[in-house]
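Below are the chains, spelled out letter by letter.
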Amino acid sequence: MTSYLLLLALVAGERLAELAVARRNTAWSLARGAREYGRGHYPAMVALHTALLVGCAVEPWAAGRPFLPLLGWPALALVVAAQGLRWWCVATLGPRWNTRVLVVPGLAPVAAGPYRRLRHPNYLAVVVEGLALPLVHCAWLTAAGFCVLNALLLRVRVRCEDAALAYAGTGGSLVGSAP
């Protein structure tokens, strides 16, 4: 369990790094006249992602769940792959990446990196991580709960981003976003 808690601490540290990058990129975007979309669902997104980490730590401990190598190691590989995809998105979008949905007028939408093949590649990373991270240590209730709630949230979030992309087609541009 100690190794799993270390993994969760690393993921939490990664989230804090994302927030620092997002804060810097928000300032960059706002300095260029960005407009924010979807501000209302952002607190729910933060709460859900925080609850994922808490559930991952509490469920295996409270339920006495063991580490099962046949499940845990492949789940860990998926967690690492999800982080790779997430940071590929961040690197591709550069200062346009954000945890919020921002539109900077006059910028063309990004169609490089993972955005060449997927419209919302960061959300693939979120879905994979939200399923795999709890399963590294058999927190299947957390995995199921996160997946259901995240699906509901992503319905709202993707619609919001698609509206921002539609706006971008009329003269603005989506600043890449991710939860």
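Small disclaimer: the values here were computed from a predicted structure and weren't measured.

Definitions and cut-offs
Residues numbered from 1 in each chain as written. Predicted model: local features only at pLDDT ≥ 70, side-chain atom pairs only at ≥ 80, totals over all residues. Heavy atoms only, no water. Disulfide = S-S within 2.5 Å. Buried < 20%, exposed > 50% of the residue type's maximum accessible area, 1.4 Å probe, protein only. Patch = residues over 30% accessible without salt bridge, like charges linked within 9 Å, V, L, I, M, F, W, Y side chains within 5 Å. Areas by Shrake-Rupley, 256 points an atom, 1.4 Å probe, with all protein chains shown as cover. Salt bridge = Lys/Arg side-chain N within 4 Å of Asp/Glu carboxyl O. Helix = DSSP H or I, 4+ residues; strand = E, 2+ residues; numbered from the N terminus. Axes fitted to C-alpha atoms, helices over the stretch in contact; angles between N-to-C directions. Parallel < 35°, antiparallel > 145°, perpendicular 65-115°, else oblique. Left-handed = near helix turned anticlockwise from the far one by under 90°. Contact = heavy atoms within 4.5 Å. Nonpolar A, V, L, I, M, F, W, Y, C, P; charged D, E, K, R; others polar. Expected span 1.5 Å × (residues − 1). Bend = angle between axes of the 7 residues up to and from the residue. pLDDT = per-residue confidence, 0-100.

## So, the state of the cysteines
Alright, step 1. Using the criterion set out here, one finds zero disulfides in the structure.
Alright, step 2. Its sulfur unpaired, Cys-89 is 17 Å from the next cysteine sulfur, which belongs to Cys-160.
Alright, step 3. We classify Cys-89 as buried; its relative accessible area is 0%.
Alright, step 4. For Cys-160, a relative accessible area of 12% translates into the label buried.

## Observations regarding a nonpolar patch on the surface
Alright, step 1. Taken together, the side chains of Met-1, Leu-5, Val-54, Val-58 and Trp-61 define a hydrophobic patch exposed on the protein surface, amounting to about 500 Å² of accessible area.
Alright, step 2. When residues in the nonpolar patch are grouped by element, the largest group, three residues, is from helix 2 (residues 42-63).
Alright, step 3. Turning to its location among the elements, Trp-61 is positioned in helix 2.

## Brief notes about the packing of helix 3 (residues 69-93) against helix 4 (residues 121-135)
Alright, step 1. Packing of helix 3 against helix 4 leaves a shortest axis separation of 8 Å and a crossing angle of 155 degrees. Considering the angle they form, helix 3 stands roughly antiparallel to helix 4. Crossing of helix 3 against helix 4: the hand is left-handed. Contact with helix 3, carried on its side by Leu-71, Gly-72, Ala-75, Leu-78, Val-79, Ala-82, Gln-83, Leu-85, Arg-86 and Cys-89, involves Pro-121, Asn-122, Leu-124, Ala-125, Val-126, Val-128, Glu-129, Ala-132, Leu-133 and Leu-135 of helix 4 and no other residues of that element.
Alright, step 2. Across the contact of helix 3 with helix 4, the residue classes break down as 15 nonpolar, three polar and two charged.

## Considering helix 2
Alright, step 1. For helix 2, with 22 residues, the first-to-last C-alpha span of 31 Å sits near the 32 Å given by 1.5 Å per residue.
Alright, step 2. A maximum bend of about 30 degrees is found in helix 2 at Gly-55.
Alright, step 3. Restricting attention to buried positions, one finds in helix 2 the residues Tyr-42, Met-45, Leu-48, His-49, Leu-52, Leu-53, Gly-55, Cys-56, Glu-59 and Pro-60.
Alright, step 4. Positive phi appears at Gly-64, one or two residues downstream of helix 2, with a value of about 65 degrees.

## With respect to the pattern of salt bridges
Pairing of side chains with opposite charge becomes possible as their charged atoms draw close.
Alright, step 1. For the structure shown, the criterion picks out 10 salt bridges.
Alright, step 2. Here Glu-129 ties to Arg-15 by a salt bridge, and the two come within 2.1 Å at their closest N and O atoms. Taken together, the positions of Glu-129 in helix 4 and Arg-15 in helix 1 (residues 2-31) put the pair 114 residues apart, joining distant regions of the chain. No difference in accessibility class separates Glu-129 from Arg-15, as the two residues are buried.
Alright, step 3. For Glu-161, the salt bridge identified is with Arg-157, shortest N-O distance 3.6 Å. Of this pair, Glu-161 and Arg-157 both sit in helix 5 (residues 140-168), four residues apart, which is roughly one turn of the helix. You'll find Glu-161 and Arg-157 in the same group, each marked buried.

## What about the environment of Ala-164?
Alright, step 1. Note that Ala-164 resides in helix 5.
Alright, step 2. Given the relative accessible area of 0%, Ala-164 is considered buried.
Alright, step 3. Distance in space between the C-alpha atoms of Ala-164 and Thr-50 is 26 Å, their sequence separation being 114 residues.

## Section: the confidence of the model for the protein chain
Alright, step 1. Residues at a pLDDT of 70 or more form 93% of the protein chain, whose mean pLDDT is 91.
Alright, step 2. Per-element confidence in the protein chain is highest for helix 3, whose mean pLDDT is 97, and lowest for strand 3 (residues 174-175), whose mean pLDDT is 48.
Alright, step 3. Every residue in residues 170-175 is under pLDDT 50, and counting partners more than four places away or in other chains gives 34 contacts.

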